[in-house]
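Commentary on secondary and tertiary structure
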Amino acid sequence: MAEFNENAKIWYDGKMVDWKEATVHVMCHALHYGSSVFEGIRCYDTKKGPAIFRLHDHIKRLFNSAKIYRMEIPFTIEQLEQACINIVKINNMRSAYLRPIAFRGYGRLGVDPKDTPVQVVVAALDWGKYLGDEAINIGVDVRVSSWNRMQSNTLPAMAKAGSNYMNSQLIKMEAAADGYLEGIALTPQGLISEGSGENLFLIYGGKIITPPLFASILPGITRDSIITIARELGYVVEEQMIPREMLYIADELFFTGTAAEVTPIKSVDRILIGTGKRGPITERIQKHFFGILTGDIEDKYGWLTPIYV
Ligand code: PMP
């Protein structure tokens, strides 16, 4: 979980404000109708100093999420990228989890957001390993959720909207109540979609398979990075609809996400995956991914934006 540092500054509509002053009114539109879009971005302490991972891609996705919801963000992509860099600098952080959020603010009540201003915040938090320190090496136990992801014509999964996380909360709370670390949700048609806050990869017969965008998934930026890395390492990666039972017979399974990074899955519904430990392909991909983030492996795709140039 993220620790709050109440001495930190928050970027709020273009200004740096004190943590305690970064507030909203209780009649704010987003609080009543879920009208927010957000991002989760990591800044890593690399050998060359702190650097933000795929900053442009995250801010671009924020604008895409807003566009889907007809929300006009009153800043440019460049301004929000700069806000992310500045919030790390002003809080003197080496590594951070950045949370940009755009939401419909205080104006008037009513579902139609007309006359409610769009407000933007960027906060920086300390956030370690999302699914626990051991999870990265050992793996996590998960269940298939009884909750499905939403359909693209109900709540669009490609938008990283606050409202989608009501569905994620159902998946996560159900998993936790039953003693699992996470849940895997199916699509409304019963095929594999994703975790409550992670994309999913499956390895079967040496091939790497992940559900396509039309499987009600968020187009994960870690997912995209892992597809790129896996292909570079010589693996075949296919985006395919996956039936539930493939989970149980997979050789390896892992989650990807900004918070979860690359987390192996060691069991699903108490059925061991492969040998019940992190598999060799997962480990190889993880090593390469973390190598780029520490600076030990060349960042040849230009994924890292340094905080200090
Ligand atoms: N799916 C969901 C539902 C998520 O919340 C996240 C985390 N943002 C992901 C997938 C992974 O996306 P990313 O790699 O861009 O963090």
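What you are looking at is a predicted structure, and each value in this text was computed from that prediction instead of being measured.

Taken domain by domain, the chain holds domain 1 (2–127) and domain 2 (135–294). In this complex, domain 1 contributes 20 residues to the contact, which on the side of domain 2 involves 21 residues. Overall, the association of domain 1 and domain 2 removes approximately 1800 Å² of surface from exposure, summing both partners, and the carbon and sulfur fraction of that is 60%. The largest contributions to the domain 1 side of the interface with domain 2 come from F38, R61 and Y69, which together make up 32% of the buried area. Across the contact surface, domain 1 and domain 2 share two salt bridges. Here D224 ties to R54 by a salt bridge, and the two come within 2.8 Å at their closest N and O atoms.

To continue, consider a nonpolar patch on the surface. Together, V26, M27, L31, Y33, Y106, L109 and V111 give the surface a local cluster of nonpolar side chains, amounting to about 710 Å² of exposed area. Residue position: M27 is located in the loop between β2 (15–18) and α1 (29–33). According to the relative accessible area criterion, M27 is partly exposed, its value standing at 35%.

Right, let's talk about the site of the ligand for a bit. Not every one of the 17 residues close to the ligand is listed here, only the nearest: Y165, E194, I221, T222 and T258. Interatomic distance of 2.8 Å between a side-chain N/O atom of R61 and an oxygen atom of the ligand. Contact distances for the ligand include 2.6 Å between an oxygen atom and a side-chain N or O atom of T258. Taking 390 Å² as the accessible area of the ligand by itself, protein coverage stands at 96%. Within the residue set of the shell around the ligand, elements represented by two or more residues are α2 (55–68), α6 (221–232) and β14 (252–257).

This part is about the packing of α6 against helix α8 (residues 280–294). Running from N to C, α6 and α8 point in directions that differ by 115°, and their axes come no closer than 10 Å. If you check the angle between α6 and α8, you find them roughly perpendicular. By crossing handedness, the relation of α6 to α8 is classed as right-handed. On α8, the residues that touch T222, S225, I226, I229, A230 and E232 of α6 are I285, H288, F289 and I292. A per-class count over the contact of α6 with α8 returns six nonpolar, three polar and one charged.

Another aspect to go through is the pattern of salt bridges. Applying the stated criterion to the full structure yields 20 salt bridges. A salt bridge links E194 to R149, with the shortest nitrogen-to-oxygen separation between them at 2.9 Å. Taken together, the residues span a long stretch of sequence, with E194 in strand β10 (residues 192–195) and R149 in the loop between β8 (140–148) and α5 (164–177) at a distance of 45 residues. Of the two residues, E194 and R149, both sit in the buried class. One network of salt bridges, in which partners are shared, links R54, D57 and D224.

Quick notes on the rules
- Residues numbered from 1 in each chain as written.
- Predicted model: local features only at pLDDT ≥ 70, side-chain atom pairs only at ≥ 80, totals over all residues.
- Heavy atoms only, no water.
- Domains from an automatic or database assignment.
- Contact = heavy atoms within 4.5 Å.
- Buried area = accessible area lost by both parts, 1.4 Å probe.
- Salt bridge = Lys/Arg side-chain N within 4 Å of Asp/Glu carboxyl O.
- Patch = residues over 30% accessible without salt bridge, like charges linked within 9 Å, V, L, I, M, F, W, Y side chains within 5 Å.
- Areas by Shrake-Rupley, 256 points an atom, 1.4 Å probe, with all protein chains shown as cover.
- Helix = DSSP H or I, 4+ residues; strand = E, 2+ residues; numbered from the N terminus.
- Buried < 20%, exposed > 50% of the residue type's maximum accessible area, 1.4 Å probe, protein only.
- Near = heavy atom within 4 Å.
- Polar contact = N/O pair within 3.5 Å; in protein donor to acceptor, adjacent residues only side chain to side chain.
- Axes fitted to C-alpha atoms, helices over the stretch in contact; angles between N-to-C directions.
- Parallel < 35°, antiparallel > 145°, perpendicular 65-115°, else oblique.
- Left-handed = near helix turned anticlockwise from the far one by under 90°.
- Nonpolar A, V, L, I, M, F, W, Y, C, P; charged D, E, K, R; others polar.

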